[in-house]
Amino acid sequence: MNISTKLAMCFFAVVLILQLLLMFYLHRNIIDTRINEEFSRLLAYGANHRDVLMDNYSESTIHHIVLMENNNDREVSIINNEGKIIGSSYENNQILDRYIPLALKENVIIDSILVSDYKDSPYIVSVHPYQNGEHGGYVLMFQSTQSINKMINDLTKHFGIAGATSVVIILVVYGILSKILTRPLIHMKKATEKLSKGDFEVTLPHHSKDELGELSVSIQKLAKDLERLKKERNEFLASVSHELSTPLTYLIGYTKVAMRKDLNETERQHYLSIISEEATRMKDLVKNLLDLAKIDENNFTVSKEYFWSQPFLHKIINLVEPSYRQKNLQLTLLNQTNFQICADSLRLQQILLNLLDNAMKYSEENTEIHLEVYQQNNQTVLTVRDQGIGIAPDDIEFIYDRLYRVEKSRSRTYGGSGIGLSVVKKLVEAHGGTIEVESKLGKGTVFTVTI
Ligand SMILES: Nc1ncnc2c1ncn2[C@@H]1O[C@H](COP(=O)(O)OP(=O)(O)OP(=O)(O)O)[C@@H](O)[C@H]1O
Ligand SMILES: [Mg+2]
C-alpha cells in the first residue's frame, strides 16, 4: 500500500465522518425547524378562527371560516362540546371520526397540537377550544403531511447529492494528492535505487520549496558527492599505482645492473645506494599513504603532551642536516628560547620534517631556510621559510590535495609524490590547529602552522 493510498484513506475517513455528522445534524435541524413552523402556522390559523368565532358566533361566521380553508391543503372542522360537527371544510368522515373523540377525550383547555406524527399520519392536527355564551366546542385544524413529507424527501435527496458530490471531490483530491506527493517520492525512490547500483546520473525535478523539494536536492547532492568520491578514488588508485610502479621499475633496473659480474666494487656500491634511496622513498610513500588512510578512517588519535621546544627542534635539525648539507643549504633556527609545547611530539615531528623536506626539495642550492618556533596567545607557531622556487597563486589551493604536485615533471626532478602536505594538513587539523602558506614564484615560500 503506497503512501498516497494511506493518506487518501485517512483523509477520506476523516472527511466522511465529519460530513456525515454535519449532514445528520443539519438534516435533523432543518426538518425540526420546518415542522415547528408548520405547527406554529397551524396553531395561528386555528387561533384566528377561534377568535373570530368567539367574537361573533353565528351560522354565517362558521360558513365563512369553512370557506376560507376550502382552497388549500389545510382543512378546518368546528365541533361542539358533544362532538357534533357544526361546520367543516373536510369531508373525510373516517379521519374526522378518528380525531374528534380524541379532541374530546383529551379535554383540551388551551390551543394545542393534537396529532404531531407527521410521518405516519396523513394530517397533523391542532385543536382550539372556544366558548361563546352557551355555545362551546372546538375548532380543529388539519394540515396535510404530504407537503411536509415531500419537503423532507427533497431535503434528503439534496443531502444525498451533496454527499455524493463531496465523495467525488475527495476522490479528485486523492488524485491530486497522489500526484503532488507520491510522484516526487517515487522519483526519489528510483533515484536512490539507481545510486545504490552505482549509477550516479540522477536528475530529479525539484520545484517545490517544501521538505520534499529539499529531500530531492539532498539526494542530488548525494549523487554528485558519490560520483566525485568514486572519481577521486579511481584517480587516487591510478596515481598510487603509478607512484609505486615508477620506483619499482627503477629498483628492478638497478638491481639487474648491480648484479652484473663485470662491475667493480665502487660501481656496485653506487647502484646499491640508488636502490636503497628508491626503496626508502617507496617506504616513505607507503607510510604516508597508510597515515592518510588511518586519518580518513577516523581511528587516528593525537596524544598531546608537554615537551621542551629546544631539544625537540635540535633533534629534527640533526635529522635533516645531512640532506641539507648535501645540497649546500643553510638551515637556521631563529628563536633559541626554550619553552613548553603542548602537542603530539611524534606527529609534530612528522609535520616539521615534511615542511623542511619540501623547503629543501624546492630550493636552489646555496640558499637559506629559516625555521622559527614561538609562542603566541597560548599557541605554538611554527614557520618554515625558504628562498626557493615558490608556488604559483593558481596552484596554492590544491597543494593540500592528495598526490597533487604543482608540475608533474617536478616530481622526477625533486622526487616528490604529492602526498606530504595532505598528511601535514590532516595532522595539523587533528591537533585542532591551522596551516597557512604564503608564496611568491621564484622568491620563496613560508608555511605557518599554529597549534
Ligand atoms: N616549499 C615549497 N616551495 C615550492 N613548492 C612547494 C613547496 N612545498 C610544496 N610545494 C609544492 O606543493 C606540492 C605538494 O607538496 P607535497 O609535500 O604534498 O608533495 P611532494 O613534496 O611533491 O611529495 P611528498 O611530500 O609526498 O614526497 C609539491 O609537489 C610542490 O610542487
Ligand atoms: Mg613534500
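What you are looking at is a predicted structure, and each value in this text was computed from that prediction instead of being measured. (Residues numbered from 1 in each chain as written. Chains lettered and ligands numbered in written order. Predicted model: local features only at pLDDT ≥ 70, side-chain atom pairs only at ≥ 80, totals over all residues. Heavy atoms only, no water.)

## Structural notes on the domain arrangement of the chain
In step 1: What the domain assignment reports for the chain is domain 1 (3–151), domain 2 (211–293) and domain 3 (301–450).
In step 2: For domain 1 and domain 3, the distance between their C-alpha centroids amounts to 108 Å. (Domains from an automatic or database assignment.)

## Looking at the site of ligand 1
In step 1: Residues in contact with ligand 1 amount to 19 residues; listed here are only the nearest, Tyr-362, Asp-386, Ser-417, Gly-418 and Leu-421.
In step 2: Within the side chain of Asn-358, an N or O atom sits 2.9 Å from an oxygen atom of ligand 1.
In step 3: In the environment of ligand 1, an oxygen atom lies 3.1 Å from a nitrogen or oxygen atom belonging to the side chain of Lys-361.
In step 4: In isolation ligand 1 has 590 Å² of accessible area, and contact with the protein removes 96% of it. (Near = heavy atom within 4 Å. Polar contact = N/O pair within 3.5 Å; in protein donor to acceptor, adjacent residues only side chain to side chain. Areas by Shrake-Rupley, 256 points an atom, 1.4 Å probe, with all protein chains shown as cover.)

## Looking at unusual backbone geometry
In step 1: The backbone of Asn-328 shows a phi angle near 55 degrees, a positive value even though the residue is not glycine.
In step 2: For Asn-328, the position within the fold is in the loop between helix 7 (309–326) and strand 7 (330–333). (Helix = DSSP H or I, 4+ residues; strand = E, 2+ residues; numbered from the N terminus.)

## Focus: the sheet that holds strand 10 (residues 379–386)
In step 1: The five strands are arranged 7-9-10-12-11 in an open sheet whose pairing can be described as mixed. Each of the sheet's edge strands pairs with one partner strand only, and the pair in question is strand 7 and strand 11 (434–440). Each neighbouring strand pair of the sheet contributes to a mean axis angle of 15 degrees, computed without reference to strand direction.
In step 2: The pairing of strand 9 (residues 368–376) with strand 10 spans eight bridges and is classified as antiparallel. When the bridges of strand 10 are listed, Val-373 appears paired with Leu-382.
In step 3: Against the sheet, helix 8 (residues 345–361) engages strand 7, strand 9, strand 10 and strand 12 (444–450), with an angle of about 20 degrees to strand 10. (Pairing = 2+ DSSP bridges. Axes fitted to C-alpha atoms, helices over the stretch in contact; angles between N-to-C directions. Contact = heavy atoms within 4.5 Å.)

## Looking at helix 3 (residues 93–106)
In step 1: Between its first and last C-alpha, helix 3 extends 20 Å over 14 residues, near the 20 Å set by a 1.5 Å rise per residue.
In step 2: What helix 3 keeps buried is the set Ile-95, Leu-96, Tyr-99, Ile-100 and Ala-103. For helix 3, the angular spread of buried residues about the axis comes to 115 degrees, placing them on one side. Residues of helix 3 that are exposed and point more than 90 degrees away from the buried face comprise Gln-94, Asp-97 and Lys-105.
In step 3: Two residues or fewer after helix 3 comes Asn-107, characterised by a positive phi angle close to 55 degrees. (Expected span 1.5 Å × (residues − 1). Buried < 20%, exposed > 50% of the residue type's maximum accessible area, 1.4 Å probe, protein only. Arc of directions from axis to C-beta.)

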